[in-house]
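# Tertiary structure, described
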Amino acid sequence: LEREGNLARFPDPAGRLLARILMGTGLRVGDACKLALDCVVRDAQSAPYLRYVNHKMSRDAFVPIDDGLAEAITAQQEAVITMFPLATCLLPRRTRNLDGKLPFSTATFRGQLAGWLRACDIRDELGRAVHVTPHQWRHTYGTRLINNQVPQETVRRLLDHASHQMTAH
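Residues numbered from 1 in each chain as written. Predicted model: local features only at pLDDT ≥ 70, side-chain atom pairs only at ≥ 80, totals over all residues. Heavy atoms only, no water.

## Observations regarding the side chain of D160
To keep things clear, this is the line we draw: The helix count covers DSSP runs of H or I at least four residues long, the strand count covers runs of E at least two residues long, and both are numbered beginning at the N terminus. Contacts are assigned to residue pairs that have any heavy atoms within 4.5 Å of one another.
Structurally, the position occupied by D160 is in the loop between α7 (152–159) and α8 (164–168). Once you skip the residues sitting within four places of it in the chain, D160 turns out to touch Y52, N54, M57, R59 and A61.

And the structure:
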């Protein structure tokens, strides 16, 4: 799913960016849909971070992102400002949203995701069409970190979990 050729098949550029954000950060889909327009911040060494509101925990959180994702977000910001000069969200919904302040719907994304999976025709080892939910990318992100020897405390912080038990799960 992360291959550029398959990502290019995602029908909506905003949905494609949302998929990339979910894959690359482990955010919850609801939090990712509500990203602020100015969601990228940089540290003293100019490394990019995605700033978001963890709605489950009612707090701001940060997760590191790579330069490619930061560039894709910048392109989206430029497109949004052109379309909706008063927009406040990175991924505004396309319809019934005259000022661009309403965020992309999780239901819309889930529908786009299902269509994209059918178009990519990705199958499991038994030849069955795969079923992927946005939350599975959160688990994949955490698992990859653990498999790359990232300490569990760091993974807990990146996933913004309140407890070590949730991270261990």
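The structure having been displayed, the exposition proceeds.
## Some points on the packing of helix α2 (residues 13–25) against helix α6 (residues 134–147)
Put simply, the test is: Structural elements are reduced to axes, namely lines fitted to C-alpha atoms, with helices fitted over the stretch in contact, and the angle between N-to-C directions of any two is expressed from 0 to 180 degrees. Here is the rule for angles: anything less than 35 degrees is roughly parallel, anything more than 145 is roughly antiparallel, 65 through 115 is roughly perpendicular, and the remaining ranges are oblique. Only Asp, Glu, Lys and Arg are considered charged, only Ala, Val, Leu, Ile, Met, Phe, Trp, Tyr, Cys and Pro nonpolar, and every remaining residue, Gly among them, polar.
Put simply, α2 and α6 touch, their axes get as near as 7 Å, and they point 30° apart. Between α2 and α6, the interaxial angle falls into the category roughly parallel. Between α2, through A19, L22, M23, G24 and T25, and α6, the contact on the second element is made entirely by P134, W137 and Y141. When grouped by side-chain class, the residues that make up the contact of α2 with α6 number six nonpolar, two polar and no charged.

## Some remarks on the packing of α2 against helix α4 (residues 67–83)
Formally: Each crossing gets its hand from how the near helix is turned against the far one by less than a right angle, where anticlockwise is left-handed and clockwise is right-handed.
Closest axis-to-axis distance for the α2/α4 pair is 11 Å, and the angle between their directions is 150°. The orientation of α2 with respect to α4, classified from their angle, is roughly antiparallel. Seen from above, α2 lies across α4 with left-handed handedness. Residues A14, L17, R20, I21 and T25 of α2 touch α4, and the partners they reach there are G68, L69, A72, I73 and Q76. Here the residues of the contact of α2 with α4 sort into six nonpolar, three polar and one charged.

## Thoughts on the sheet that holds strand β3 (residues 59–64)
Worth spelling out the cut-off: DSSP calls a pair of strands paired once it identifies at least 2 bridges connecting them.
Read from one edge to the other, the open sheet built from three strands follows the order β1-β2-β3, with strand pairing classed as antiparallel. With one partner strand each, in any of the chains shown, β1 (40–42) and β3 form the two edges of the open sheet. Sheet twist, expressed as the average angle between the axes of neighbouring strands with direction ignored, equals 40°. Where strand β2 (residues 48–54) and β3 come together, six bridges link them in antiparallel fashion. Opposite Y49, over in β3, you have P64 as the bridge partner.

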